[in-house]
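So the chains spell out like this:
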Amino acid sequence: MYVWNGKGDNQFGAAQAVGPGWDAYTRPIGGDFNGDGIGDLAAVRKTDHTLVIWNGRGANNFTAGQDVGPGWEPYASTLMSPGDINHNGRADLAATRDGTLYIWNGRGDNRFGDAQSRGPGWAGHF
Ligand SMILES: [Ca+2]
Ligand SMILES: [Ca+2]
């Protein structure tokens, strides 16, 4: 995986390698999932469909992956980090399954509440 650090003027620095082994995961998404102000990564491990979070430590370093929980295979391909959509200061997750939109509200400790359905008709938007 590579990181391009933003320079604040729509410009980015040169690619910096973060490390190998990311082929074992689905496309990572970014957000601050532990609420410390540093960007984190989340992805689904392909072998067992567990959601995993790597907390950013600054300087393009991350902690070891922390397993959040299993059962994410149906959501992996549409998983996104929409920001703080319930406005509680914690990053949330969203994804669709069979066209229904689901939201998981973040708790700020790499954990999330139960999936909340927001209804059908979202297949064409993801
Ligand atoms: Ca963080
Ligand atoms: Ca939130």
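Above this text you will find the structure in question.
Report follows, based on the coordinates. Please read all numbers here as calculations on a predicted model, not as lab measurements.

How each quantity is defined
- Residues numbered from 1 in each chain as written.
- Chains lettered and ligands numbered in written order.
- Predicted model: local features only at pLDDT ≥ 70, side-chain atom pairs only at ≥ 80, totals over all residues.
- Helix = DSSP H or I, 4+ residues; strand = E, 2+ residues; numbered from the N terminus.
- Buried ≥ 20, exposed ≤ 12 C-beta atoms within 10 Å, placed from the backbone.
- Contact = placed C-beta atoms within 7 Å.

Let us look at the environment of Ala-43. Mapped onto the secondary structure, Ala-43 falls in strand 4 (residues 40–44). Its 22 C-beta neighbours within 10 Å are what place Ala-43 among the buried residues. Remark: the alpha-carbon pair of Ala-43 and Asp-67, spanning 24 residues in sequence, is separated by 10.0 Å.

Along the chain, Tyr-2 falls in strand 1 (residues 2–3). Taking the number of C-beta atoms within 10 Å as the measure of exposure, Tyr-2 has 11 and is therefore exposed. Sequence separation between Tyr-2 and Glu-73 is 71 residues, and the spatial gap between their C-alpha atoms is 24 Å. When near neighbours in sequence (up to four residues on either side) are disregarded, Tyr-2 contacts Ala-15, Gln-16, Ala-17 and Val-18.

Interpretation in functional terms is not warranted from these geometric data alone.
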